[in-house]
Amino acid sequence: MKISEIFEKDTPTLSLEVFPPKNDEVYDKVEKATEEIARLKPDFMSVTYGAAGSTRKYTVDSAKLIQKAGVTALAHLTCVNASEESIKEQLERLKEAGIENILALRGDLPEGVEGTDDWVFKHASELIPVIRKYGDFCIGGACYPEKHPEAADMKTDIANIKKKTDAGCEFLTTQMFFDNNIFYNYLYRLREAGVTVPVVAGIMPVTNAKQMERILKLSQAFIPRRYVALLDRFGSEPEKMKQAAIAYATDQILDLLCNGIEHIHIYTMNRPEVAAKIQENLSEIIPSCRRG
Ligand code: FAD
């Protein structure tokens, strides 16, 4: 099923992200986590694409597994260092596997690379027409409530998001954020700039202090004092921190729903128990979270 059709139903949705195996050694472990998460029957599941296509085959395998479990899959696809031919090949694999949804991304610049001058595709907005050329996919893209780190300012970044939706991006998923007010302000600015597609709020339950350090390095997200306090109090006790992170994420989601945000995406980090707990907390509120 296309994600655009899922969003047409007038009910809140909760979707879950997994990452595919990085190599054969972890294949079984990752496959097991993916299957367990798929058993939770979320509205859809997304599968990431390793830096510069490093998990190309595994992304297709994981997406197949998800669809086999009866859950709609969204396969990520990046265009850094890619040719039109390599994109076409990946799209053919996805089509063969019955995948109808693609998250079109540029991807991160490989270490030591400054610019994109030598690349065929410099931005996700240039990848989207190629995806459209080779198949009838529902296409999504990424957006950044705290601005993409390379963008000079928010106005420019939002103008570039508009180019993405003008190119055919049908929905946007946000980078993780921990302060809903940042998201509300961003959404207002997107709408003001004429970006009208559904925006899916990306929520990450951060369950340990080390993970938070990594996230800060990658996304430069603002961490509210309340989250810092949780990390101070429980950061060195994994089970307590996990419970606190799930409670924080649930609280964030409830506030989003109360403010009219209908679509929530959880960055699960392949932890079925975290995804299951959040679903349980929302079982009377989001239809796909109801068990039985
Ligand atoms: P773009 O939309 O191309 O934007 C990148 C920068 O270029 C921005 O600063 C933007 O303002 C600017 N820009 C955009 N379009 C134009 C234009 N037409 N002209 C001039 N400037 C422009 N990475 C992975 O490797 N694999 C994944 O699976 C993955 N999944 C992700 C999922 C989500 C929901 C998010 C938020 C990010 C994900 N990423 C993933 C990370 C992403 O690849 C990086 O953030 C990357 O740096 C930017 O990708 P993008 O598609 O947003 O790029």
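In this text, all values refer to a predicted model and were calculated from it rather than measured experimentally.

Asks: Help me out: how do you make sense of the packing of aromatic side chains in this one?
Replies: Geometry of an aromatic ring pair is reported as the spacing of the ring centres plus the angle between the planes. Evaluation of the coordinates by the stated rule reveals 7 aromatic pairs. The interplanar angle of 65 degrees and the centroid separation of 6.1 Å between the aromatic rings of Phe7 and Phe44 together place this pair among those described as edge-to-face. Taken together, the residues Phe7 in helix α1 (residues 3-8) and Phe44 in the loop between α2 (27-38) and β2 (45-47) connect sequence positions 37 residues apart. Both residues of the pair, Phe7 and Phe44, belong to the buried class. Put simply, the rings of Phe7, Phe44 and Phe171 pair up and form one aromatic cluster. Across the ring face of Phe19, the terminal group of Lys22 is positioned such that the distance to the ring centre comes to 5.5 Å.

Asks: How should the sheet that holds strand β1 (residues 13-18) be read in this particular structure?
Replies: Backbone hydrogen bonds hold the strands of a sheet together, and the pairing may be parallel or antiparallel. In spatial order, the strands read β1-β2-β3-β4-β5-β6-β7-β8; together these 8 strands close into a barrel with parallel pairing. Between one strand axis and the next, the sheet turns through 30 degrees on average, direction left out of account. Summarising the sheet, strand β7 (residues 199-203) and strand β8 (residues 263-267) pair through 3 bridges and their orientation is parallel. When the sheet's bridge partners are listed, Gly202 is paired in β8 with His265. Against the sheet, helix α10 (residues 238-258) contacts β1, β7 and β8, and its axis sits at roughly 160 degrees relative to β7.

Asks: Is there a simple way to explain unusual backbone geometry in this structure?
Replies: For residues that are not glycine, phi is negative in most cases, and the peptide bond is trans in most cases. A positive phi angle, near 50 degrees, is found at Lys41, a position not held by glycine. With respect to the element layout, Lys41 can be found in the loop between α2 and β2. Overall, the relative accessible area of 42% leaves Lys41 in the partly exposed class. A positive phi angle, near 80 degrees, is found at Lys147, a position not held by glycine. Considering the arrangement of structural elements, one finds Lys147 in the loop between β5 (138-143) and α6 (154-166).

Asks: Any chance you could explain the site of the ligand here in plain terms?
Replies: Inspection of the region around the ligand gives 24 residues, with Tyr49, Asp108, Tyr144, Asp157 and Lys164 positioned closest. Contacts to the ligand include Asn160, whose side-chain N or O atom sits 2.9 Å from an oxygen atom. A distance of 3.5 Å separates a nitrogen atom of the ligand from a polar atom in the side chain of Lys163. About the coverage of the ligand: the protein hides 86% of its 970 Å² of free accessible area. Within the residue set of the shell around the ligand, elements represented by two or more residues are β3 (73-78), β4 (101-105), α5 (124-134) and α6. When residues of the shell around the ligand are assigned to their parent elements, the largest contribution, 4 residues, is made by α6. Residues that form the shell around the ligand fall into these classes: 8 nonpolar, 10 polar and 6 charged.

Asks: Explanation requested: the pairing of β7 in the structure shown.
Replies: Consecutive residues of a regular strand have side chains that alternate between opposite faces of the sheet. With 5 of its 5 residues buried, β7 lies for the most part within the structure. Here β7 shows two buried faces, one formed by Val199, Ala201 and Ile203 and the other by Val200 and Gly202. Of the strand pairs in this sheet, strand β6 (residues 171-174) and β7 are connected by 2 bridges, and their pairing is parallel. Residue pairing in the sheet places Thr173 in a bridge with Val200 of β7. In this region the chain leaves β6, passes through helix α7 (residues 180-192) and returns to the parallel neighbour β7; the handedness of that crossover is right-handed.

Procedures and definitions
Residues numbered from 1 in each chain as written. Predicted model: local features only at pLDDT ≥ 70, side-chain atom pairs only at ≥ 80, totals over all residues. Heavy atoms only, no water. Phe/Tyr/Trp six-rings, centres within 6.5 Å; stacked < 30°, edge-to-face > 60°. Helix = DSSP H or I, 4+ residues; strand = E, 2+ residues; numbered from the N terminus. Buried < 20%, exposed > 50% of the residue type's maximum accessible area, 1.4 Å probe, protein only. Lys NZ or Arg CZ within 6 Å of the ring centre and 35° of its normal. Pairing = 2+ DSSP bridges. Axes fitted to C-alpha atoms, helices over the stretch in contact; angles between N-to-C directions. Contact = heavy atoms within 4.5 Å. Near = heavy atom within 4 Å. Polar contact = N/O pair within 3.5 Å; in protein donor to acceptor, adjacent residues only side chain to side chain. Areas by Shrake-Rupley, 256 points an atom, 1.4 Å probe, with all protein chains shown as cover. Nonpolar A, V, L, I, M, F, W, Y, C, P; charged D, E, K, R; others polar. Right-handed = clockwise from strand over helix to strand, strands pointing away.

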